[in-house]
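Here's the letter readout for the chains.
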Amino acid sequence: MNRSSKGINTICTHVGEVKDEQFKGAVSPIYMSSSYAFEDVAVKRYPRYFNTPNQEALCKKIATLEHAESALIFGSGMAAISHALMAFLKAGDHIILQQTLYGGTYNFAVTQFEKYGISYSFTEGWTAEDFEKEIQPTTKVIYIETPSNPLLTITDVEAIAQVSKKYGLISMIDNTFASPVNQNPIDFGIDIILHSATKYMGGHSDICAGAVAASQEHIHTIWESSICFGGSLSDQTVWLLERSLKTMGLRVRAQNENAQKMAEFLLSHNEIDAVYYPGLESHPDHELAKRQMNGFGGMLSFELREGINPSEFMKNLQLIKPSMSLAGVESTMLLPVLTSHALMSPEDRFKQGIKDGLIRFSIGIEEIEDLIADIEQALARIKSKSVLA
C-alpha cells in the first residue's frame, strides 16, 4: 500500500505536486494541453486516459490520503460511482446495496441496473448480518456508505470487509461524508473507496469532481472501462482540486469541532425534536463510530418540533445558506425530500426514515457562536410571526 508516515496536513500540502522545473514556482504548474507527443515518449498522454501531468499528480495525492496504491479522478461523484460499479458488474451479476444511501446512487441502481441485466438487493438494515443474508450465488459486489446521507447511520466497515472476503466479493464504500481525514476504509479491508470530490476534497463549493482509490489491480480494471465511458476531468479543475486539497485537513477538523458543538446545542433545544450525529453519545452507533473514525465529521441532520415549517425556518436564516450540495467552508442546510433524495419515492424515503421535514446541515468553518445565533434568531422570528398571526 502507498502508506506514508507523514501527517495529514503534510500529505495534503506536498504529496502529488507537479514540480515546476523551469521557474521553480511554489505551486504546481497547470498543463492545459489536450494533445501530447506520441513518438519517442515514455507515456502517451491523453486527457481521457487519465494520464496528463496534473491528473497523475492529483491521483497520487488522493491515493496517499486514502492509504491506497492508486486512484482515478472523474468529472463528478456519480461518475466515479457509476464507473466503478460498471467496471465490476455485468449481465447476470448481483449487487447488494446498503438501505441508507445517497439519493443519486439509489436512483442509479433502480433506473440503470435492469437495463444491463444486473440484479440488486437493498438491505433491511446496515449490519453485517443484513448484508450476508442477501448474498446470492451471482453476487459480485457489496456497496456501503458510512456515515450515510442524510441520517448519519454508521455501518461496521471492518465487518463488511470480512463478509466480502469470506464470499470472494468486491467491497465498495462511499466515503464522502467522512473524508479521508476522518476515515480510511482500506485500513479495515474495504477494496474500493469512492468520493464525491465536489464535497470535502474540493471544500469551496466551486468545482465538481469524483474520485476512486483502490489497489493498482482494481484501479486498472476501472480504468479499462472508464477510458471507454469518457468521464475524465479537465486539467483546470484538476489543478483547482489539488489546490483545495492542501487545506482539507485544516478545514475538516474545524468542521468536526463545529459540528460536535452544534449537535450538542440542537439536542438541548426545546424546538428541536431529533438530532442525527454520530458524535453524540445518544447516537445508537456512537461507539462504533469512535472505533472506525478519526473524527465524527461536519454533517448532521435534525428535525424541528412539530408545527414549525422547515422551509420557513430556513428562509429566516441570515448567515447559514439554504443551498444544495455540502461540505463547503460555508454552512448550508437543505431538505433532502426536495434535493438529494427527491428522486426517491415517498415510500422508499419512509423506509429509510427520511421524513419530509428532515433538515440536512453541513457545518462550515464559521465561529460556532455565530451559527448558533443565526439558528436562534430564525426560530425566534418564526415564533413571533405565529404569535402575531
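Residues numbered from 1 in each chain as written. Predicted model: local features only at pLDDT ≥ 70, side-chain atom pairs only at ≥ 80, totals over all residues. Heavy atoms only, no water.

J.: Which parts of the structure should I look at to understand the sheet that holds strand β6 (residues 192-196)?
T.: The strands making up a sheet associate through backbone hydrogen bonding, with each pair oriented either parallel or antiparallel. Across the sheet, seven strands lie side by side as β1-β7-β6-β5-β4-β2-β3; this open sheet has mixed pairing. Of all the strands in the sheet, the pair left with one neighbour each is β1 (70-74) and β3 (119-122). Across this sheet, the average inter-strand angle for adjacent strands is 20°, counted without regard to direction. As paired strands, strand β5 (residues 170-174) and β6 are joined by three bridges and run parallel to one another. The residue bridging Met-172 from the neighbouring strand is Ile-192, located in β6. Taken strand by strand, helix α2 (residues 53-65) contacts β1 and β7 (210-214), and its axis lies near 120° from that of β1. Across the sheet, helix α8 (residues 216-229) is in contact with β1, β5, β6 and β7; its angle to β1 comes to roughly 30°. (Pairing = 2+ DSSP bridges. Helix = DSSP H or I, 4+ residues; strand = E, 2+ residues; numbered from the N terminus. Axes fitted to C-alpha atoms, helices over the stretch in contact; angles between N-to-C directions. Contact = heavy atoms within 4.5 Å.)

J.: How do you make sense of the side chain of His-83 when you look at a structure like this?
T.: Looking at the element boundaries, His-83 is found in helix α3 (residues 77-88). Here Ser-226 takes part through its side chain, which lies 2.9 Å from a polar atom of the side chain of His-83. For His-83, the residues in contact, after removing those within four places along its chain, are Phe-74, Ile-222, Ser-226, Phe-229, Gly-230 and Gly-231. (Polar contact = N/O pair within 3.5 Å; in protein donor to acceptor, adjacent residues only side chain to side chain.)

J.: Hey, could you run me through the layout of surface pockets in this one?
T.: Over the atoms rolls a probe the size of a water molecule, and in doing so it shows where empty space is left. Empty space within the largest pocket amounts to approximately 400 Å³. The wall of the largest pocket is formed by 24 residues, among which Tyr-102, Asn-149, Ser-196, Lys-199 and Leu-326 lie closest to the centre. Secondary structure elements with two or more residues in the lining of the largest pocket: α3 and β6. Along the lines of polarity and charge, the residues of the lining of the largest pocket split into ten nonpolar, ten polar and four charged. Empty space within the second largest pocket amounts to approximately 260 Å³. (1 Å grid on protein atoms, 1.4 Å probe; cavity = no way out; pocket = protein on both sides within 12 Å on 5 of 7 lines; lining within 4 Å. Points joined across faces, edges and corners; volume = space filled by probe spheres on them. Nonpolar A, V, L, I, M, F, W, Y, C, P; charged D, E, K, R; others polar.)

J.: For this particular structure, what's the right way to read empty space enclosed by the protein?
T.: Counted by the stated rule, this structure contains one cavity of 30 Å³ or more. Space inside the largest cavity adds up to approximately 30 Å³. Secondary structure elements with two or more residues in the lining of the largest cavity: α2 and α9 (235-245). Top contributing element to the lining of the largest cavity by residue count: α9, with three residues. Counted by class, the lining of the largest cavity contains four nonpolar, three polar and one charged residues.

J.: Any chance you could explain the environment of Phe-229 here in plain terms?
T.: In this fold, Phe-229 is placed in helix α8. You can call Phe-229 partly exposed: its relative accessible area is 49%. Here the alpha-carbon distance between Phe-229 and Pro-150, two residues 79 residues apart in the chain, equals 29 Å. The contact partners of Phe-229, leaving out residues within four places of it in the chain, are His-83 and Met-86. (Buried < 20%, exposed > 50% of the residue type's maximum accessible area, 1.4 Å probe, protein only.)

J.: Sorry, what's going on with the packing of aromatic side chains here?
T.: We describe a pair of aromatic rings using the distance from one ring centre to the other and the angle between the two ring planes. Under the definition given, this model contains ten aromatic pairs. With a centroid separation of 6.5 Å and an interplanar angle of 70°, the aromatic rings of Tyr-277 and Phe-296 are classed as edge-to-face. In this pair, Tyr-277 sits in the loop between β8 (272-276) and α11 (286-292) while Phe-296 sits in the loop between α11 and β9 (299-304), placing the two residues 19 residues apart along the sequence. Its relative accessible area of 1% is what places Tyr-277 among the buried residues. (Phe/Tyr/Trp six-rings, centres within 6.5 Å; stacked < 30°, edge-to-face > 60°.)

J.: When you look at the pattern of salt bridges in this model, what are you seeing that I'm missing?
T.: Proximity of charged atoms lets side chains of opposite charge pair with each other. Scanning all chains against the criterion turns up 14 salt bridges. For the salt bridge of Glu-312 with Lys-315, the shortest nitrogen-to-oxygen distance reads 3.8 Å. Residue Glu-312 and its partner Lys-315 are both found in helix α12 (residues 310-315); the two are separated by three residues, about one turn of the helix. Since its relative accessible area comes to 63%, Lys-315 is described here as exposed. Through salt bridges with shared partners, a single network forms among Lys-90, Asp-93 and Lys-140. (Salt bridge = Lys/Arg side-chain N within 4 Å of Asp/Glu carboxyl O.)

J.: What am I meant to see in the sheet that holds β8 here?
T.: The strand order across the open sheet formed by five strands is β8-β9-β12-β11-β10, and the pairing between neighbours is mixed. Both edges of this open sheet fall to β8 and β10 (321-322), since each of them pairs with a single strand only. Relative to strand β11 (residues 332-334), β10 runs parallel, the two being bridged by two bridges. Note on β11: the bridge partner recorded for Lys-321 is Thr-332. Each of β8, β9 and β12 (359-362) is contacted by helix α10 (residues 248-267), which is oriented at about 15° to β9, the strand it contacts most.

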